[in-house]
Amino acid sequence: RRSISASNDDYHQHHLSPFVPSEGVSHRITMAQSEDAIKNCLLTTAGYDNQIKLWRVDNGSCHRSIPHPDSQVNVLAITSDRLSIAAGGHSKIRLYDTQDGNNNPTEYAGHTDNVTDICFSSDASCMASSSEDGNVKIWDFRASQDHQRNFSHQAAVSSVVLHPHSELLHVFAGDEQGRVARWDLRANRCEEHLTPEPDVGIRDIAISPDGLLLAAVNNEGNCYIWDLTATECHAKLKLEVHPFSYVLSCSFSPDSTRFVTTGSDHMVNLYETESFERIAQLEGHTKWVWSAAFSSDSAFLATVSSDRTARLWALAGEQVECELVCKGHQRAVTAVALNDG
């Protein structure tokens, strides 16, 4: 997902559509009311300054900063029990204990190039990772640390996602040759290849939590949706989500009713999943928007950008509003994870 360097923003700006930043920021946070709720809410960001930051969602202050030496952070993920934060950088994955103030991570080595994506199984028993080394790896936490299953794409892999219905034992991965592969973990083989635009790199993929839809976004500004209800994936829809730009990420909300894309055009686009009509375009970031994460109730959205900020958006009202801007990173912010329980 990070094969385009975050430092290239200024070079690409003249290709993008005009942008006018929004004025003012509201601070009417309703995401976490009590002090305990605020402490239990993990809003985590990282990027090119080798720091993982944890933020308070009531005032936007950083309450913990974790050094991530030797590498930028390309992707973050939080386990469902909120006990661990996974950070993927150059060739390694580090798992940090959220309760351990000593910042001593458990390290998973095996990739030989940038780790581009990380996800956990619904029961948190295993972790999937993708890398520019062309491989998808499945790490079983019940086995030894060096035990891993490997699936080769023979091209840089930008994104990976495990099917939310764990009994299906399927993992999907998108690569730089424009392919989305469906791997059967039980049979240990690739069952299906989807190629919406040959040789147009897939930037990110996502599966709706209800398991009904698969989405993939690419370097031409397009998004493709497939129906997963049958044995094979069936093409459903093509959307032009970020024209003349790279689509950098996509995500479904936990209730599967909303879908978000972010792009190099500085924009965040929000869709409802019944018809995939765009319901909001979130303006405020002033450089590339690399990633987004929904809150567990689908009422909030966190986004991060090369403008060195994270933004928290309230989605529940008639109009989407930016509730909080988190400032403190010294370089581009490329990864975000949110778990409020």
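Scroll up to find the structure.
Residues numbered from 1 in each chain as written. Predicted model: local features only at pLDDT ≥ 70, side-chain atom pairs only at ≥ 80, totals over all residues. Heavy atoms only, no water.

Visitor: Describe the sheet that holds strand 9 (residues 135-140), with residues and values.
Guide: Read from one edge of the open sheet, seven strands run 4-5-6-7-8-9-10, paired in antiparallel fashion. Whereas interior strands pair on both sides, the edge strands pair on one side only; in this sheet they are strand 4 (75-78) and strand 10 (148-152). Each strand of the sheet is rotated relative to its neighbour by a mean of 35°, with strand direction disregarded. Sheet topology note: the strand 4/strand 5 (residues 84-88) ladder contains four bridges and is antiparallel. Residue pairing in the sheet places Leu 76 in a bridge with Ala 87 of strand 5. (Pairing = 2+ DSSP bridges. Helix = DSSP H or I, 4+ residues; strand = E, 2+ residues; numbered from the N terminus. Axes fitted to C-alpha atoms, helices over the stretch in contact; angles between N-to-C directions.)

Visitor: Break down the pattern of salt bridges for me, citing the residues and quoting the values.
Guide: Under the criterion given, the structure shown has nine salt bridges. Among the salt bridges present, the one from Glu 176 reaches Arg 203, with a minimum N-O distance of 3.7 Å. Linking Glu 176 in the loop between strand 12 (170-175) and strand 13 (180-184) with Arg 203 in strand 15 (residues 202-207), this pair joins segments that are 27 residues apart in sequence. The exposure class of Glu 176 is partly exposed, given its relative accessible area of 22%. Given a relative accessible area of 0%, Arg 203 falls into the buried group. Salt bridges linked by common partners bring Asp 70, Lys 92, Arg 94 and Glu 107 together as one network. (Salt bridge = Lys/Arg side-chain N within 4 Å of Asp/Glu carboxyl O. Buried < 20%, exposed > 50% of the residue type's maximum accessible area, 1.4 Å probe, protein only.)

Visitor: Can you break down the sheet that holds strand 21 (residues 268-272) residue by residue, with the values?
Guide: The four strands lie next to each other as 19-20-21-22, forming an open sheet whose pairing is antiparallel. Looking at the sheet topology across the chains shown, the edges are occupied by strand 19 (247-252) and strand 22 (278-282). Averaged over all pairs of adjacent strands, the angle between strand axes in this sheet comes to 15°, irrespective of strand direction.

Visitor: Lay out the environment of Ser 166 in plain terms, naming residues and giving numbers.
Guide: For Ser 166, the location among the structural elements is in the loop between strand 11 (157-162) and strand 12. Classification of Ser 166 by relative accessible area gives partly exposed; the value is 39%. For the pair formed by Ser 166 and Asp 123, sequence separation is 43 residues and the distance between their alpha carbons is 8.0 Å.

Visitor: For the pairing of strand 24 (residues 300-305), give the residues involved together with the corresponding values.
Guide: In terms of burial, strand 24 is a largely internal element, six of the six residues being buried. Burial along strand 24 is two-sided: the residues Phe 300, Ala 302 and Val 304 and Leu 301, Thr 303 and Ser 305 are all buried. Two strands pair when backbone bridges link them, and strand 23 (residues 289-294) and strand 24 are joined in this way by five bridges, in the antiparallel orientation. For Phe 294, the partnering residue across the bridge sits in strand 24 and is Leu 301. Linking strand 23 to strand 24, which pair antiparallel, is a turn of five residues; within it Ser 298 sits at a positive phi near 65°. Two strands pair when backbone bridges link them, and strand 24 and strand 25 (residues 309-314) are joined in this way by five bridges, in the antiparallel orientation. Following the sheet pairing, Phe 300 is matched in strand 25 by Ala 314. In this structure, the hairpin formed by strand 24 and strand 25 is closed by a connection of three residues, where Arg 308 is found at a positive phi of approximately 75°.

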